Amino acid sequence: PPLKLWPLAVLVFYNVSGGPFGIEASIRAGGNFYAILGFVVFPLIWSIPEALVTAELGAAFQDPSAGVAWVESAFGEGMASMCGYLAWVSGATGEF
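As the structure is a prediction and not an experimental result, all values here were calculated from the model.

## Notes on the overall build of the chain
Right, on to step 1. Of regular secondary structure, the chain possesses four helices and zero strands.
Right, on to step 2. If you list the helices and strands of the chain from N to C, you get α-α-α-α.
Right, on to step 3. Split into buried and exposed, the 96 residues of the chain put 6% on the buried side.
Right, on to step 4. With an accessible surface of roughly 7,900 Å², the chain has 72% of that area assigned to carbon and sulfur atoms.

## Focus: the packing of aromatic side chains
Right, on to step 1. Scanning the model with the defined rule gives three aromatic pairs in all.
Right, on to step 2. Ring plane angle 35° and centroid distance 6.2 Å describe the contact between Tyr85 and Trp88, whose orientation is recorded as tilted. Of this pair, Tyr85 and Trp88 both sit in helix H4 (residues 77-93), three residues apart, which is roughly one turn of that helix. Summarising the burial analysis for this pair, Tyr85 and Trp88 share the class exposed.

## As for helix H3 (residues 66-75)
Right, on to step 1. For H3, the full list of buried residues reads Ala66, Ala69 and Val71.
Right, on to step 2. Contacts from the buried residues of H3 go to H4.
Right, on to step 3. Of the residues trailing H3, Gly76 is marked for its positive phi of about 105°.

## What about a nonpolar patch on the surface?
Right, on to step 1. Judged by side-chain polarity, Phe33, Tyr34, Ile36, Leu37, Val40, Val41 and Ile45 come together as a nonpolar surface patch covering roughly 720 Å² of accessible area.
Right, on to step 2. Considering the arrangement of structural elements, one finds Val40 in helix H2 (residues 23-60).

## What to know about the packing of H3 against H4
Right, on to step 1. Between H3 and H4, the least distance of the axes is 7 Å, while the angle of their chain directions is 155°. With respect to their mutual orientation, H3 and H4 come out roughly antiparallel. In this structure, the crossing between H3 and H4 has a hand that is right-handed. Between H3 and H4, the residues in contact are Gly67, Val68, Val71, Glu72 and Phe75 and Glu77, Met79, Ala80, Cys83 and Gly84, respectively.

## Overview of H2
Right, on to step 1. A rise of 1.5 Å per residue sets the reference length of H2, with its 38 residues, at 56 Å; its end C-alpha atoms lie only 37 Å apart and thus fall more than 12% short of the reference.
Right, on to step 2. Gly31 marks where H2 bends most, by close to 120°.

What counts, and where the lines are drawn
- Residues numbered from 1 in each chain as written.
- Predicted model: local features only at pLDDT ≥ 70, side-chain atom pairs only at ≥ 80, totals over all residues.
- Heavy atoms only, no water.
- Helix = DSSP H or I, 4+ residues; strand = E, 2+ residues; numbered from the N terminus.
- Buried < 20%, exposed > 50% of the residue type's maximum accessible area, 1.4 Å probe, protein only.
- Areas by Shrake-Rupley, 256 points an atom, 1.4 Å probe, with all protein chains shown as cover.
- Phe/Tyr/Trp six-rings, centres within 6.5 Å; stacked < 30°, edge-to-face > 60°.
- Contact = heavy atoms within 4.5 Å.
- Patch = residues over 30% accessible without salt bridge, like charges linked within 9 Å, V, L, I, M, F, W, Y side chains within 5 Å.
- Salt bridge = Lys/Arg side-chain N within 4 Å of Asp/Glu carboxyl O.
- Axes fitted to C-alpha atoms, helices over the stretch in contact; angles between N-to-C directions.
- Parallel < 35°, antiparallel > 145°, perpendicular 65-115°, else oblique.
- Left-handed = near helix turned anticlockwise from the far one by under 90°.
- Expected span 1.5 Å × (residues − 1).
- Bend = angle between axes of the 7 residues up to and from the residue.

Right under this line is the structure:
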């Protein structure tokens, strides 16, 4: 089944930030308005260029391991192996 918008947003949020850690400090430092404004605006500023790069490289490298294929094409097999390993470790360990 296709991934809907809300589950995708939650998945991206936890993949990028590891959860809601740091929100309390942000609200204490900037106040309610600026913290909420930052949580709404910053993902757009970050995500649009990231999405465009991912779409461009995804169209160029139509491979299941596209992230590793991009690195291998640019930097060689050694760096691609390290990229794949570190992506696996990051996914396995999370934010620890």
